[in-house]
Amino acid sequence: MLCCSAGFRIPPQLTKNKALLIFPSRPAALTLTQPNNKHKHKAFQIHSLMEVNTSHSNSGLDFLSKKPYSPPSWASHISPIPSHTFSLGHLPTPIHKWNLPNLPNNTEVWLKRDDLSGMQLSGNKVRKLEFLMADAVQKGADCIITIGGIQSNHCRATAVAAKYLNLDSYLILRTSKVLVDQDPGLTGNLLVERLVGAHIELISKEEYAKIGSVALTNTLKERLIKEGRRPYVIPVGGSDSLGTWGYIQAIREIEQQLHSGAGKVKFDDIVVACGSGGTIAGLSLGSRLSSLKAKVHAFSVCDDPDYFYDFVQGLLDGLKAGVDSRNIVNIQNAKGLGYAINTAEELTFVKEIAATTGVILDPVYSGKAAYGLLKDMAENPKKWEGRKILFIHTGGLLGLFDKVEQIAPSLGKYSRMDVCESVPRKDCIGKMF
Ligand SMILES: Cc1ncc(COP(=O)(O)O)c(C=O)c1O
């Protein structure tokens with residue numbers, strides 16, 4: 001029996017993954033166009049010629065195409081309504097039961113696999129980018145500016161999405177004072193960003209705190225305009241009112257999955273990590289307006305709940321939603337030691353969940369949110385008894401590569417294979433030596 005100090009145990013009988021997949025995603029989509037630098041704008045013309053009307057086509061041939069957007073009927077009164085989206089994610093993402101150990105009586109946890117929304121673009125950010133990139137293209141941008149932490153999943157997803165659409169990306173990445181003048185390396189998200197040719201500008205945490213993300217992106221924007229570029233700025237985490245549509249649309253997707261799925265399940269709660277606020281704004285508004293009516297619980301991994309209630313309120317007001325954030329989402333602190341800093345227990349938890357259920361959580365977002373959820377369940381089991389919970393796995397796997405040294409001591413053993421000299425050679429396919 002394995003034990004974490006959060007108060008839950010992982011019994012040995014759960015060391016097999018018994019996850020039950022009931023809503024498989026459709027097959028991976030295909031790229032239709034290969035934009036090239038000489039024909040920057042041609043690519044957009046091709047995309048706009050391929051407009052498709054369905055929100056999720058099953059052919060897989062609409063990947064990277066621009067589609068007109070019409071909101072779900074229950075969201076038609078909120079505004080502004082985006083006119084278009086770019087199909088960037090592999091959607092719908094699957095939902096399956098997650099056999100977590102030691103849940104309160106009759107509690108069920110299900111997983112919405114937004115970590116499987118793509119490979120390079122994986123995670124929650126792709127849903128926001130579907131709307132934000134369509135806006136950037138609509139406005140005639142030739143490059144995207146965004147900002148985040150040194151291992152920002154959002155910046156990585158933006159850099160990839162931009163390149164798919166033949167746009168350049170400029171990323172302002174926050175790092176420590178001692179590292180700000182050094183090569184940022186190639187770990188995790190940085191490797192992907194640098195492979196797709198993102199322009200990376202480093203800023204220290206102190207400078208970031210003093211100047212703020214808006215002034216920093218504006219400074220870069222002015223510089224690029226002077227150089228003759230047409231930049232489009234995406235704020236931290238893609239969390240503005242337009243990006244909020246990503247998770248309003250995700251609620252529509254969940255509604256449709258539940259409607260058409262074999263397993264008749266009605267969720268009481270939705271649980272998710274909160275880092276910049278856009279995901280919970282969309283989920284909580286969508287859940288309230290749609291037939292889902294699940295209670296949204298957010299586990300904040302950086303700022304405090306009060307900050308996020310106010311920030312989410314701003315996003316909701318920007319959509320003229322007419323609802324109070326405090327009435328539609330419950331935000332709890334799961335920051336622990338601080339943003340992107342993990343305790344040994346949190347990383348052991350990530351490891352044990354992977355080893356018992358096959359699901360790999362990222363250490364910065366879903367890892368902390370799931371840790372916070374199970375801790376809360378262990379401390380307040382009555383609160384969760386008998387409830388059906390949908391946990392949204394928001395991706396971020398690449399962030400785990402930044403933690404290899406810290407997580408290594410809890411990982412499995414290896415040994416040299418024992419072969420005796422007398423084993424005769426036999427070849428099969430792929431003779432290598
Ligand atoms: C993997 C991952 N999960 C969750 C979040 C939180 O989402 P949001 O920024 O919309 O609060 C982020 C980004 O901040 C993220 O990168």
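- The protein appears in an unreviewed UniProt entry as D-cysteine desulfhydrase from Rosa chinensis.
- Within the UniProt record for the protein, the comment given under Sequence similarities (unreviewed entry) is "Belongs to the ACC deaminase/D-cysteine desulfhydrase family."
- If you open the UniProt record of the protein and go to Cofactor (unreviewed entry), you find "pyridoxal 5'-phosphate".

## Notes on the overall build of the protein
Then, in step 1: Scanning the protein for helices and strands turns up 14 helices and 15 strands.
Then, in step 2: Every one of the 433 residues in the protein was classed for burial, and the buried ones make up 45%.
Then, in step 3: Considering only residue pairs separated by 6 or more positions, the protein has 77% of its internal contacts joining residues 24 or more positions apart.

## Let's talk about the sheet that holds strand 11 (residues 231–233)
Then, in step 1: Strand order across the open sheet formed by four strands is 10-9-8-11, with parallel pairing between neighbours. In the strand order of this sheet, the two ends are held by strand 10 (199–204) and strand 11, each with one partner. Direction aside, the axes of adjacent strands within the sheet are offset by 25° on average.
Then, in step 2: Where strand 8 (residues 143–149) lies against strand 11, three bridges are found, and the strand directions are parallel.

## Quick look at the packing of helix 8 (residues 278–289) against helix 9 (residues 305–318)
Then, in step 1: Viewed as axis vectors pointing N to C, helix 8 and helix 9 meet at an angle of 60°, and their least axial separation amounts to 9 Å. Considered as vectors, helix 8 and helix 9 are oriented oblique to each other. The handedness of the crossing between helix 8 and helix 9 is right-handed. On helix 9, the residues that touch G278, I280, A281 and L285 of helix 8 are V312, L315 and L316.
Then, in step 2: Looking at the contact of helix 8 with helix 9, its residues break down into six nonpolar, one polar and no charged.

## A word on the site of the ligand
Then, in step 1: G275, S276, Y365, T394 and G396 are the nearest of the 18 residues found near the ligand.
Then, in step 2: Across the shell around the ligand, the residue classes break down as three nonpolar, 14 polar and one charged.

## Focus: the pairing of strand 15 (residues 388–393)
Then, in step 1: Most of strand 15 sits out of view: five of its six residues are buried.
Then, in step 2: Where strand 7 (residues 108–113) and strand 15 come together, six bridges link them in parallel fashion. When the sheet's bridge partners are listed, L111 is paired in strand 15 with F391.
Then, in step 3: Across three bridges, the pairing between strand 12 (residues 269–274) and strand 15 is parallel.

## Some words on unusual backbone geometry
Then, in step 1: S79 connects to P80 through a cis peptide bond whose omega is 5°.
Then, in step 2: Of note, P80 is situated in the loop between strand 4 (66–68) and strand 5 (84–86).
Then, in step 3: Note that the residue after L91, namely P92, is joined by a cis bond; omega there is 0°.
Then, in step 4: Within the secondary structure, P92 is located in the loop between strand 5 and strand 6 (95–97).
Then, in step 5: One non-glycine residue, L64, lies in the positive phi region at around 70°.
Then, in step 6: When you line up the elements, L64 lands in the loop between helix 1 (40–49) and strand 4.
Then, in step 7: Under the C-beta neighbour-count criterion, L64 is labelled buried, with 22 such atoms within 10 Å.
Then, in step 8: Of note, K293 is a non-glycine position whose phi angle comes to about 55°, a positive value.
Then, in step 9: Tracing the sequence through the fold places K293 in the loop between helix 8 and strand 13 (295–300).
Then, in step 10: The exposed category is assigned to K293, around which 11 C-beta atoms lie within 10 Å.

Cut-offs and rules
- Residues numbered from 1 in each chain as written.
- Predicted model: local features only at pLDDT ≥ 70, side-chain atom pairs only at ≥ 80, totals over all residues.
- UniProt positions renumbered as here; feature names shortened; annotations may be inferred.
- Helix = DSSP H or I, 4+ residues; strand = E, 2+ residues; numbered from the N terminus.
- Buried ≥ 20, exposed ≤ 12 C-beta atoms within 10 Å, placed from the backbone.
- Contact = placed C-beta atoms within 7 Å.
- Pairing = 2+ DSSP bridges.
- Axes fitted to C-alpha atoms, helices over the stretch in contact; angles between N-to-C directions.
- Parallel < 35°, antiparallel > 145°, perpendicular 65-115°, else oblique.
- Left-handed = near helix turned anticlockwise from the far one by under 90°.
- Nonpolar A, V, L, I, M, F, W, Y, C, P; charged D, E, K, R; others polar.
- Near = placed C-beta within 6 Å.

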